[in-house]
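Overview (structure and organization)
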Amino acid sequence: MRSPGGVIITTDPALPSPVERDTFTCGHCNGIVMVQPKQRPEDIGGMCKQCMKLTCPRCTGSGRCDPFMEKLKRVEARYHARRSYADACR
Ligand SMILES: [Zn+2]
Ligand SMILES: [Zn+2]
């Protein structure tokens, strides 16, 4: 399976030419995870059964679904809450 994240080129001093690496984006922390050759995404991290996104080993290890988009929404909600609070104090 071709990973949805795409391919990045890395230069490894041990190798004569830059190497291509498959990558995927963790659906929970939005981190880029590099897939080693012949490694399947399932071997590196996992697939979240709740949001159906590939997740990095760290997020897979946490065992809970915490999508990045939900985190963004929480941050935004906090931001707006602070704003209205500041307005009320004026
Ligand atoms: Zn992650
Ligand atoms: Zn999830």
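Residues numbered from 1 in each chain as written. Chains lettered and ligands numbered in written order. Predicted model: local features only at pLDDT ≥ 70, side-chain atom pairs only at ≥ 80, totals over all residues. Heavy atoms only, no water.

This part takes up the coordination of the zinc ion (ligand 1). Every protein donor of the zinc ion (ligand 1) is accounted for by Cys26 (SG), Cys29 (SG), Cys56 (SG) and Cys59 (SG), and the metal-donor separations fall at 2.3 to 2.4 Å. Taken together, the four donor atoms coordinating the zinc ion (ligand 1) span angles of 105 to 113 degrees at the metal, a pattern that classifies the geometry as tetrahedral. Of note, the zinc ion (ligand 1) draws all its donor residues from one chain, in the sequence arrangement C-x2-C-x26-C-x2-C. With Cys26 in the loop between strand 2 (19-25) and strand 3 (32-35) and Cys56 in the loop between strand 5 (54-55) and helix 2 (57-62), this residue pair connects regions lying 30 residues apart in the sequence. (Donors = N, O, S within 2.8 Å, 3.2 Å for Na, K, Ca; no water. Tetrahedral: all angles 85-135°; square planar, octahedral: opposite > 155°, others 65-115°. Helix = DSSP H or I, 4+ residues; strand = E, 2+ residues; numbered from the N terminus.)

We now examine the coordination of the zinc ion (ligand 2). Around a metal, the perfect tetrahedron of four donors has angles of 109.5 degrees, and the perfect octahedron of six donors has angles of 90 or 180 degrees. Coordination sphere of the zinc ion (ligand 2), protein contribution only: His28 (NE2), Cys48 (SG), Cys51 (SG) and Cys65 (SG), at 2.1 to 2.4 Å. Motif for the zinc ion (ligand 2), donor spacing along one chain: H-x19-C-x2-C-x13-C. Judged by its relative accessible area of 9%, Cys48 is buried. (Buried < 20%, exposed > 50% of the residue type's maximum accessible area, 1.4 Å probe, protein only.)

Right, let's talk about the pattern of salt bridges for a bit. A side chain of one charge can pair with a side chain of the opposite charge when the charged atoms of the two come close. Applying the stated criterion to the full structure yields four salt bridges. Taking the shortest distance from any N to any O, the salt bridge between Asp66 and Arg64 comes out at 3.9 Å. A residue is classified by how much of its surface remains accessible, and Arg64, at 51% relative accessible area, is exposed. Among the ionic pairs, Lys73 bridges to Glu70, the shortest N-O distance being 3.1 Å. Of this pair, Lys73 and Glu70 both sit in helix 3 (residues 68-88), three residues apart, which is roughly one turn of the helix. Residue classification places Glu70 among the partly exposed residues on the basis of a relative accessible area of 36%. Look at the salt bridges and you will find they share partners, linking Arg64, Asp66, Lys71 and Arg74 into a network. (Salt bridge = Lys/Arg side-chain N within 4 Å of Asp/Glu carboxyl O.)

Before going further, it helps to examine the confidence of the model for the chain. The share of residues in the chain with pLDDT of 70 or more is 89%, and the mean pLDDT across the chain is 82. Mean pLDDT per element in the chain: helix 1 (residues 41-44) is the minimum at 69, and strand 5 is the maximum at 91. (pLDDT = per-residue confidence, 0-100.)

This part is about the environment of Asp43. Inspection of the secondary structure puts Asp43 in helix 1. Taking relative accessible area as the criterion, Asp43 reaches 43% and is therefore assigned partly exposed. Sequence separation between Asp43 and Cys56 is 13 residues; the distance between their C-alpha atoms is 9.9 Å.

This paragraph deals with the sheet that holds strand 2. The three strands lie next to each other as 1-2-3, forming an open sheet whose pairing is antiparallel. In the strand order of this sheet, the two ends are held by strand 1 (6-10) and strand 3, each with one partner. Across the sheet, the mean angle from the axis of one strand to that of its neighbour is 45 degrees, orientation sign disregarded. Examined bridge by bridge, strand 1 and strand 2 share five bridges and lie antiparallel to one another. If you follow Gly6 over to strand 2, its bridge partner there is Thr23. (Pairing = 2+ DSSP bridges. Axes fitted to C-alpha atoms, helices over the stretch in contact; angles between N-to-C directions.)

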